[in-house]
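Chain by chain, the residues run as shown.
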Amino acid sequence: MRKRLGIISLFALLFIGFVVVWNYSYEQGLEGPYIPVESNSSRTLIPSESGVFRQSENALDFNQMPIDEAHQRSLETYYDNRAYPGAPPSIPHPVQKERDLGGNVCLQCHQSGGFVQKFDAYAPISPHPEMINCRQCHVTQNTKGLFAETNFTKVSPPEVGVNNALPGSPPMIPHLLSMRESCLSCHVGPSAPKEIRVTHPERINCRQCHVPNTVEHDQIEVFSRNLEESYE
Amino acid sequence: MQTTLTDRRSFLKKMAMASAIAAAASMFPGIMFAAEQEKGIPKNANLDWKKGPCRFCGVGCGVLVGTENGKAVAVKGDPNSPVNKGLCCVKGYHSIMALYGKDRLTHPLVKKNGRYVKTSMDEALDLIASKMKETIAEHGKDAVSIYGSGQWTIPDGYAASKLFKGCIGTNNVEANARLCMASAVTGFLTSFGLDEPMGCYEDIDHADVFVLWGNNMAEMHPVLFSRLLDQRLKRGVKIIDFATRTTRTSTAADKSILFLPQTDLAVANAICYEIIKNGWVNNSFVEKHCSFSKGLTNMGYGLEDNYTFTDKPEKISFEDYKTFLEDYTPEKVSKLSGVSVRDIKYMASYYGDPNKKVMSLWCMGMNQHTRGTWINNLVYNIHLLTGKISQPGNSPFSLTGQPSACGTVREVGTLTHKLPHGVVMNKEHREFAAKIWGVPAENIPSKPTYHTVEMFRALDRGDIRFMWIQVTNPMVTMPKLKRYRDGAKKEGRFIVVSDVYPTPTTDIADVILPSAMWIEREGMYGNSERRTQYFEQMVDPPGEAISDTWQLIEVAKRLGYEKQFPYKEETHIEEIYTEYRKHHDNIKHNMAPLEVLKSQSGAIWPYVDGKSTKWRFNAKYDPACSNGEDFHFYGKPDGKAIIWQRPYEPAAEEPDNEYPYWLNTGRVVEHWHTGSMTRRIPVLHQAMPHAYVELHPDDAERMQIKTGDAVRLTTRRGEITLPASINERGVPAPMQVFVPFFDENILINDITLDSFCPISKEPDYKKCAVRVEKA
């Protein structure tokens, strides 16, 4: 009898426990319609401009890195590796796995950068590490030869040091930003081409002072008013 | 294998962070940046550098302007300015280019038979004076009015107030600042009895947590935001972005919390509920320094002409207040606001933590609000309940948008009810002002006339016949603009506009006066942190342009007020400033003498015994505290700040079946106010050539709208068509759209609503219902 009572009370306790837990979780469910207004969307809601802040937590590290004169990149080698300014650079080194998308294999070096003994160079940092199908755009160069000659001519890249509107004013951004919203990737650290390395990587709100001057550049006319009245 | 790698990485990362923070503390004494800039200036340039405040926003950065052969040619951040410590934003760096637009107004223009004809300055001023006399004779004093802005220098606003209130005898003096920070003013007055922030920008260097209430600081107050980011690198402070739209600020913040429009009222109350429930109230502070009040509710929205409202405050007890807050549990508020319970508690816990110093920052999100006064009160409630106020780093801080919204409109008092010291309703205040002005006290009417929206309604109705508009562009900024534009164009209205470029406002003018802008004349601005800054004339104005102050003085003389306006042309700015200081000659508001302003990068009032008062109401810093306690809220007769019981009430016009979206308007980093200056700076125009409508990507996909597609927005006021922007600068929440208002060729204000806060009379540009279609 006593044994049976024990079993009954054990089950009773379990039942009460279940009711309490169920109630609690039900209440929790009611309490938290956690609707940060954006969450019913499946896509990433990051304005394309947010890249400026992306690598900000590394900004101080960059600031402190000594300049390794012997292994600096220059703008010349930077553009040599691109078909035209703004084109995806090709991969100037052998790759480990031909079948790989890229992803982690590439990002091992290209997410945060660093010196690579094997190539005797600093790995450039990707401005868009969230895109992991690297080799969709970046391909290796397996031959120097051509299948047939081309008439394609490479336009000259934007010049450095001529993009200020006033003496001493912050230079404008002379290139398009698509896929390159994260300024710090190319403009700071030991892998940055020496001509465009900034002195103040800790100022991470880059576009507070530097604004692009290339937005549909040719289509932008001088600001003019829709005039109703004529002024003499 | 995988895990060890991650561990090693995160360990290294932490190590790097720790050493970086340690190094950073020693590395950045401030923002110091001018030396860096110096390198970019050619060695042989023979520039003459002079200091002044920036022309644009209310932050009031110190700039150094380089001139060469009588032209301004370069700008540097002023390293000695405690505001920006040598850093500017893209507008500041290029500000001087705004002087040299090709279409600068250089000669007075008078409208004759539908065409503008060049006249001499004397002739134009004669015409203005005779029109004023004629209007007063025919329609009375209250038929003439002046409308200025927070871009007025202190002497401009002072001359306007003295002429209209003191000499002519009408309270028809208003300013664009009514559209911009009137709710901040009434918020301060109702909670503390005295206007303007108790703290200063130095709070940023002390606070541990920053809560941005509907404030896209990364674009609108970029230099201050850089100071926040700087502190995050240095000290690891937290930045919380509490907003209705995902912006640059949200992506830079440590946490972005989105709420549905208008529900900030409920969330602020929920934070107070949590603070009380968790025992985070600073009881001794509340007991000694706070009282509780409630006011009228269901005030309406001011949509009808001649709408009036006067609040009836009533004392309540702490217990009454607690009972009221029962309606604002995080659970209930969560359903209303779309903010999770967790996020409400998260914000409350920072405000409640006695070891964390919290700074709240806001600007138009809270001020342009049909319950703007209330939401200002509610944020003060949070700071008062926790005693986190008037101490370095504990600071509710209301930012402004115009360079002298504080200095001129709020301190000189160029609003219908205000005098430089006090209000027109108070007999002693009237007598005090009249004595300094040298006019009979009876000259100043005891009744306020029209606030801005009502002033333009009066112009439409014909109650006002003459309006002089200086340094602002109401034909871009007025809400429900079409009505007011049509009203201003009616027969029998005479409009004078003083400006530097043709704008939609000069388009409605009968006389256009060319003004000398910024460093083409001498003047002072007062910024958001009570700092008054002086600038000298650095270059000559073009053509016949003269300063707004001198225009007013010339007209005053023509109206027969030579006695009240005896100033000499060479020294009038100094004379006026010295006279103006007499109005504030007390330890609660003393202004620094001109020599001090000339010798340093501004001074914060009250300026007492040669010292700026950085934190008001705190006995340690503020000599005006006299109750023997640590704090003294001397703006109120009982020395106590008021915690207000203010409920949530819906917006004036909410989305429905016909108009299913919220329409929000605002600014972008490149352009300032209506763009009449910044759009003439090539760098800024090329970066941001026109307005656009931001849509949520889901809404855009449903309607098959891509970036650049034409979109038609329709409200009950009308419709406009403009290009779409999807996932670019900002991302509004679903069923909301955002349009910047700078573009005079895409006038979003044609379709906004002219509802306003019944207490402050400031319109709500952030909320109305709109239909969105692919055009």
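No experiment lies behind these values; they were computed from the predicted model shown.

**Details of the overall build of chain B**
For chain B, the count of helices and strands is 26 helices and 31 strands. Scaling as 2.2 N^0.38, a compact globule of 775 residues should have a C-alpha radius of gyration of about 28 Å, and chain B matches this with 25 Å. Overall, chain B is about 85 × 60 × 60 Å in size when its C-alpha atoms are taken along their principal axes. Across the 775 residues in chain B, those meeting the buried criterion constitute 61%.

**Structural notes on the overall build of chain A**
The number of helices and strands found in chain A is six helices and two strands. Sequence-distant contacts in chain A: of pairs separated by 6 or more residues, those separated by 24 or more amount to 74%.

**Considering the UniProt feature "domain: 4Fe-4S Mo/W bis-MGD-type" (unreviewed entry) in chain B**
When the UniProt feature table is mapped onto this chain, "domain: 4Fe-4S Mo/W bis-MGD-type" (unreviewed entry) is found at residues 47-103 of chain B. Within residues 47-103 of chain B, the helical portion is 7% and the strand portion 35%, while the C-alpha atoms at the span's ends are 26 Å from each other.

**Comments concerning helix α22 (residues 548-558) of chain B**
Among the 11 residues that make up α22 of chain B, nine are buried, leaving the element largely enclosed by the rest of the structure. Taken together, the buried residues of α22 of chain B touch α4 (121-139), α5 (154-168), β16 (466-470), β17 (494-499), β18 (511-514) and α23 (572-583) of chain B.

**Quick look at the UniProt feature "binding site: [4Fe-4S] cluster" (unreviewed entry) in chain B**
All names here are of chain B. As annotated by UniProt and renumbered to match this structure, "binding site: [4Fe-4S] cluster" (unreviewed entry) occupies C54, C57, C61 and C89. For this annotated set, covering 36 residues, all C-alpha atoms fall within 10.5 Å of each other, a compact arrangement in space. Tracing the backbone through its elements, the reader meets C57 in the loop between β1 (48-53) and β2 (62-68). Once you skip the residues sitting within four places of it in the chain, C57 turns out to touch H221, G401, P403 and W672. Counting through the fold element by element, C61 comes out in the loop between β1 and β2. Setting aside residues up to four positions removed in sequence, C61 forms contacts with P53, C54, G77, S81, V83, N84, C88, G92 and V223.

**Observations concerning the nonpolar core**
Residue and element names in this part refer to chain B. Judged by nonpolar contacts, the single largest core of 258 residues is most densely connected at F210 and I271. If one sorts the elements of this core by residue count, helix α10 (residues 264-277) sits on top with nine residues. Residues contacting F210, with those up to four places away along its chain left out, are L228, V237, I239, I240, M359 and L361.

**A closer look at the sheet that holds β18 of chain B**
Residue and element names in this part refer to chain B. What the seven strands build is an open sheet, ordered β5-β4-β18-β17-β16-β6-β7; its pairing is mixed. Where the open sheet ends on each side, the last strands, each with one partner, are β5 (115-118) and β7 (173-175). Pairs of neighbouring strands in the sheet enclose a mean axial angle of 20°, with direction left out of account. Note that strand β6 (residues 144-148) and β7 share three bridges and pair parallel. If you follow Y147 over to β7, its bridge partner there is E174.

**Comments concerning the domain arrangement of chain B**
One widely used convention gives an interface's size as the accessible area the parts lose upon coming together. Residues and elements named next belong to chain B. One can read the domain layout of chain B as domain 1 (1-30), domain 2 (34-100), domain 3 (109-178 + 428-520 + 541-589), domain 4 (182-300 + 313-399 + 633-645) and domain 5 (661-774). The interface of domain 3 with domain 5 comprises 14 residues on the first partner and 17 residues on the second. Where the side of domain 3 that touches domain 5 is concerned, the elements lending two or more residues are α20 (474-477) and α21 (481-488). Taken together, the residues of the side of domain 3 that touches domain 5 sort by class into seven nonpolar, four polar and three charged.

**Side note on the confidence of the model for chain A**
For chain A, per-residue confidence averages 79 on the pLDDT scale, and residues scoring 70 or more make up 81% of the total. Per-residue pLDDT stays below 50 along residues 32-42 of chain A; that stretch engages in 22 contacts with residues further than four places along the chain or on separate chains.

**A short note on the packing of α5 of chain B against α22 of chain B**
For any two helices packed against each other, the geometry is given by the interaxial angle and the distance between the axes. All names here are of chain B. Relative orientation of the contacting elements α5 and α22 amounts to 25°, with a least axis distance of 8 Å. Relative to α22, α5 is oriented roughly parallel. Once α5 is placed against α22, the crossing between them reads as left-handed. On α22, the residues that touch P155, D156, A159, A160, L163 and C167 of α5 are D548, T549, L552, I553 and A556. Here the contact of α5 with α22 is composed, by residue class, of eight nonpolar, one polar and two charged.

**Structural notes on the pairing of strand β20 (residues 531-535) of chain B**
All names here are of chain B. In terms of burial, β20 is largely enclosed, as five of its five residues are buried. Covered by surrounding structure in β20 are R531, Q533 and F535 together with T532 and Y534, the residues of both alternating faces. Bridging between strand β19 (residues 523-526) and β20 involves four bridges; their strand directions are antiparallel. Within β20, the position partnered with M524 by the bridge is Y534. What sits between β19 and β20 in their antiparallel hairpin is a turn of four residues, with R530 showing a positive phi close to 65°.

**A few points about helix α13 (residues 330-337) of chain B**
All names here are of chain B. For α13, the complete set of buried residues consists of P330, V333, S334 and S337. Projected down its long axis, α13 shows its buried positions confined to an angular sector of 110°, all on one face. Looking at the packing, one finds that the buried side of α13 touches α10 and α14 (341-352). One or two positions beyond α13, positive phi appears at G338, with a value near 75°.

**With respect to the sheet that holds β1 of chain B**
Residues and elements named next belong to chain B. Strand order in this open sheet of three strands is β1-β2-β3, and the pairing throughout is antiparallel. Each edge of the open sheet is held by one strand with a lone partner, namely β1 and β3 (71-77). Neighbour to neighbour, the strand axes of the sheet diverge by 30° on average, direction disregarded. With six bridges joining them, β2 and β3 adopt antiparallel strand pairing. Along β3, the bridge assignment pairs E68 with K71.

**Some thoughts on the environment of R203 of chain A**
Residues and elements named next belong to chain A. For R203, the location among the structural elements is in the segment after α6 (183-187). Since 22 C-beta atoms lie within 10 Å of it, R203 is described here as buried. For the pair formed by R203 and E76, sequence separation is 127 residues and the distance between their alpha carbons is 27 Å.

**Regarding unusual backbone geometry**
With the exception of glycine, most residues fall at negative phi, and the peptide bonds are largely trans. All names here are of chain B. Cis geometry is adopted by the peptide bond preceding P606, which originates at W605 and carries an omega value of -10°. With respect to the helices and strands, P606 occurs in the loop between β21 (603-604) and β22 (607-608). Of note, the phi angle at N298 is positive, near 50°, even though the residue is not glycine. Mapped onto the elements, N298 comes out in the loop between β12 (290-294) and β13 (314-316). The exposure class of N298 is exposed, given the 7 C-beta atoms found within 10 Å. In this model, K480 sits at a positive phi of 45°, which is unusual for a non-glycine residue. Within the fold, K480 resides in the loop between α20 and α21.

About the thresholds
Residues numbered from 1 in each chain as written. Chains lettered and ligands numbered in written order. Predicted model: local features only at pLDDT ≥ 70, side-chain atom pairs only at ≥ 80, totals over all residues. Helix = DSSP H or I, 4+ residues; strand = E, 2+ residues; numbered from the N terminus. Rg over C-alpha atoms; globule rule 2.2 N^0.38 Å. Buried ≥ 20, exposed ≤ 12 C-beta atoms within 10 Å, placed from the backbone. Contact = placed C-beta atoms within 7 Å. UniProt positions renumbered as here; feature names shortened; annotations may be inferred. Core = buried A, V, L, I, M, F, W, Y, C linked by C-beta atoms within 7 Å. Pairing = 2+ DSSP bridges. Axes fitted to C-alpha atoms, helices over the stretch in contact; angles between N-to-C directions. Domains from an automatic or database assignment. Nonpolar A, V, L, I, M, F, W, Y, C, P; charged D, E, K, R; others polar. pLDDT = per-residue confidence, 0-100. Parallel < 35°, antiparallel > 145°, perpendicular 65-115°, else oblique. Left-handed = near helix turned anticlockwise from the far one by under 90°. Arc of directions from axis to C-beta.

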